[in-house]
Every structure is written in C-alpha cells, then in structure tokens.
Number of protein chains: 2
Amino acid sequence: MGKKAAQPLYKQIKARLKAQVVSGELSQGALLPSETELAERYSCSRLTVHRSLRELADEGVVERRRRAGTRVAMRGNTGLRIRLSRVTEEISRRGFAYRYELIKSVVKTPPLHIHRLLGGDPEQEHLHIKCLHWANNRVFQFEDRWVNLITVPKAQSLSFEKMSPSLWLLDNVPLSDLEHEISAISAKTQIANVMKVEKGSPILEVTRRSTWNNQSVSCARLMHPGDLYSLKSERKAL
Amino acid sequence: MGKKAAQPLYKQIKARLKAQVVSGELSQGALLPSETELAERYSCSRLTVHRSLRELADEGVVERRRRAGTRVAMRGNTGLRIRLSRVTEEISRRGFAYRYELIKSVVKTPPLHIHRLLGGDPEQEHLHIKCLHWANNRVFQFEDRWVNLITVPKAQSLSFEKMSPSLWLLDNVPLSDLEHEISAISAKTQIANVMKVEKGSPILEVTRRSTWNNQSVSCARLMHPGDLYSLKSERKAL
DNA sequence: TAGTGGTCTAGACCACTTT
DNA sequence: AAGTGGTCTAGACCACTAG
C-alpha cells in the first residue's frame, strides 16, 4: 500500500479543526479564531480557510454567524444519511434472484388519505398499483403505489405487467423532491397473506412521496419483512 | 412579506442547471458544458460556476470526472437525510411529559455479539445499562446500552439513576463517528413486558454505535413502539 | 497530449449583527 | 462603527484521464 498523495490544503485544515473539536480541546460553544486569523496561522488564503469552515458547518460540526464568529456546535442533534438503491440492485447485491409480480393495477378515485398526498381534484381518478418484488422465494418488498395521472398521464397507457412502476418512474419521469418516512408496523391479515409472512410479523415500511415542481407525482408504501431488510447509515461524523 | 434579496450568483446558476435536469431538458447521462464555457455563458468567473457544479455533485444531481466532464447523474440511487435529536427533545416536541427510569446498571463481561462491537479484550468488563424514556404514560424509548469502560472510565463511577447514559455521553464524551441501523422487530415477551406493550407489537429499533478515534465508545439499541415513533427525512432533492 | 475539473491566491466588496 | 463571514474575480498551476 503506497502512501497517499497529500490531501488538499482545505481538507487538512478541516481535519485539524475537526480533531480539536472531537478531542474536546474545543468544547461545545467554544469560539474559533476568525477566518483572517486562521489564514495567517496556516499561511494560506482566506478562501481556503473559508472552505474548510463552510464544510464543517455543513456537516454540523460548527455554527457560523456573521460578526459573531464561528463556534463549536452543540451536540445532541445528529444527522444520518441513508442511501437507497433501486429494489433490483438491493436484491442482486444480496445475491438473490429478482422476480417481479404484478398484483393489481386499476384506475380509480383514491381514498381521502391518499388524496391528501396527491392533491388536486378529489374526484380525479389516479392509478393504483400493487406489486411484489421477490428475492428468491421470499417477498422482499411489497409495493403499494398511487401514481398521479394528471402529472404523469403517460402512466395510464402502461400495464406494468413486466416492470414495476417504481423502476419505470425512475427512468421516465423527471422528479425533484422526495420525502420519506420510516416506520415499523405489524403485518395485518391482508398484508401477511400478500407478503407470505406470518400474521403479526414486523414490517419495515418506507413511505415515499415524490413531487415535481411542487406537484405530486406519486406516493408509495414500500413494505419489507423485518427479518430481511434494515437500513444502514453511512458512517459519518457528529 | 417583502421580496427576498437576490440569491447569490452561484445559487442562481445552480438552480438554473438543476431546473434543466429536473425538467428533463438534460436527461440522464447528458453532458453539460465545461466550467470555462458556463463561466462565459453566465459572465462570471470559473470559480463561481465551479461551486455551483460542485454542490450539484454533492447532492447527487450530476457526476464529475476530470477530462470526461460533467454529466447528469443516473437516477435510482437516492440519499435521504434524517435528523435525530436527543430523546428529551423528541418527547417535549410532541408535547409529552418526560420521565426517566433506570432499570438496571451492572458492570460485567459482555456477551460475544456485544464484544464484537466494543472490541478489545474479550474478558474486559463493561457497563451495561437498561433504562426507559417515558412520554406521559407510555414508554417512548427502551434504551439497552453498553458503555466501553476502557475509553470512558469515568462512566463507572456514575449511577445513572437520574440521568440516562445517552444524555450523559452526549455532554461529556467527545465523539466522532456514529453508525446507525434501523430495523423493525417484534416485541418478544421480555421486551413487551419492559415496554408495556402487547407481545408481538411492532418495534422500531435504532441500533447506534459510536466511536472516537476508531475506538468504540458505546453501542446501544434504542427501541420505540411502532405506533409512537417514526423517522421522517428532510425533504431534499434527488 | 490536450482538455477537463480540483485547488489555490491576493485582493475586493458586501451583508449582517453585535457592540 | 467595526469586525465577522459570504461572495466574487482574474489569474494560475496541477492532477487526472479519455482519445
């Protein structure tokens, strides 16, 4: 293993400052030197120091305010990042064979709690799809999705017999914002039957809502058997 | 509501480029103009354009490689950010009264699966704590934690009768890295009894491991009744 | 090897907020 | 009023890699 090339200067400075925070040398709320002073101390331009501090602020390590200076952020608020891949990747990464199964696909007026997510005319019909993503002989994900036919009219003419709507949407609909909610539920009779798990089994549910220019595109419940799936964060700082 | 001050130039450029991606005008894999060209087009310095593109790359909207240029990123890999606050805040934010209850606190040799997380000598004794965080009359979180007594010797002399170890650690131990895993489990008899929920209830479990300079500090299972707690992501792009 | 992005400088002006 | 961070410029050199 050869020695790594030198890190860029701004990363070195960032690392040194972060080390002082992590070691407790700079404790919660402590004031850091100004950018000008740090630039002199490290014999570099102010912009270089600025970038170090800006990235530390983005990571939540420090807090910055004009005139007030840069301070070590209070702990106790932790951010965690989770990466989600498309189902097919998640399954093949685990070494399982992927199979898709359409359960139902109908166009109808959504119930009220779905209408609240999709917005628009309460009488408008939208596309409701239920399907399964199999990993070998187990159900890996049960997808229960509504697609907004106003924003995505193209979806109405598709059968989704061979391809899941989640994959089709990813490749065919430009989308901007996603909201997620992660919860643990218990498999009720119907869900247990569909997912081929015991009634009452724990289910990890990811609810996803996607929007485009503030117009809803689709919302979905993605349900996984608790023993097959969990979400891991990237290991990240503070 | 008065009009906002003009956005900084790099944000405007970022927004314009992003809009082209989101609208589909630039589709997956499409090549963007070079920094030099964009700088001319927007009549600004290259650094300003660079910052726009760098942030878009950080957000996963584009991918950049030297010589190869900047391309619209493939979709299907989504990042989601979740913010976690300390338990007391989570509870008071919901308008509930917080109460802490210590169940047990012992020093002993951990079982093997815990030792794998804590590292070091397999015979070394560590601090094992179980406690409850109540929200009004419901158990909001059941905390099952091991604290590494090699890295945090101070913890041995504390009783944790009034204050939970999670809160104490936050304020007293500098920590650098956190790893999380989120899963759905079913309340087995013992857990159901402790958490005062029905046997078999869904539990949202967050497993957290904290390290300091690559040495483990503590690991914990934070268990919440599925009907009381869920994790919401910040709404963020792509 | 040519062209891309990555970093860095020295200087400047501005916006904000505390004093 | 003064000092902080936020942004921006015009230039430079370097590291990487596709052609």
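As the structure is a computational prediction, the values presented were derived from the model and not from experiment. (Residues numbered from 1 in each chain as written. Chains lettered and ligands numbered in written order. Predicted model: local features only at pLDDT ≥ 70, side-chain atom pairs only at ≥ 80, totals over all residues. Heavy atoms only, no water.)

A.B. asks: Which parts of the structure should I look at to understand the interface of chain A and chain B?
C.D. replies: Often the size quoted for an interface is simply the accessible area lost on bringing the parts together. Taken together, the contact between chain A and chain B spans 55 residues of the former and 55 residues of the latter. Summing both partners gives a buried area of about 4,800 Å² for chain A against chain B, and 49% of it is carried by carbon and sulfur. For K232(B), the salt bridge goes to E181(A), with nearest N and O atoms at 3.6 Å. At the surface where chain A touches chain B, the tally comes to 17 residue pairs in polar contact (both at pLDDT 80 or more). If you list the elements that add at least two residues to the side of chain A that touches chain B, you get α3 (46-58), β3 (78-84), α6 (165-172), β7 (177-186), β8 (202-212), β10 (231-232) and β11 (236-237) of chain A. Counting residues per element, the side of chain A that touches chain B draws most heavily on β7(A), which supplies 10 residues. Direction of pairing for β3(A) relative to strand β3 (residues 78-84) of chain B: antiparallel, over a ladder of seven bridges. Pairing of L84(A) across the sheet is with T78(B), part of β3(B). (Contact = heavy atoms within 4.5 Å. Buried area = accessible area lost by both parts, 1.4 Å probe. Salt bridge = Lys/Arg side-chain N within 4 Å of Asp/Glu carboxyl O. Polar contact = N/O pair within 3.5 Å; in protein donor to acceptor, adjacent residues only side chain to side chain. Helix = DSSP H or I, 4+ residues; strand = E, 2+ residues; numbered from the N terminus. Pairing = 2+ DSSP bridges.)

A.B. asks: Mind showing me how you'd approach unusual backbone geometry here?
C.D. replies: Both trends apply: most residues other than glycine have a negative phi, and most peptide bonds are in trans. Residue and element names in this part refer to chain B. With a phi close to 70°, R67 is a non-glycine residue in the positive phi region. The exposure class of R67 is exposed, given its relative accessible area of 87%. Of note in this structure, N214 is not a glycine but carries a positive phi near 65°. In this structure, N214 sits in the loop between β8 (202-212) and β9 (215-225). (Buried < 20%, exposed > 50% of the residue type's maximum accessible area, 1.4 Å probe, protein only.)

Such coordinate-based values are descriptive only and should not be taken to indicate function.
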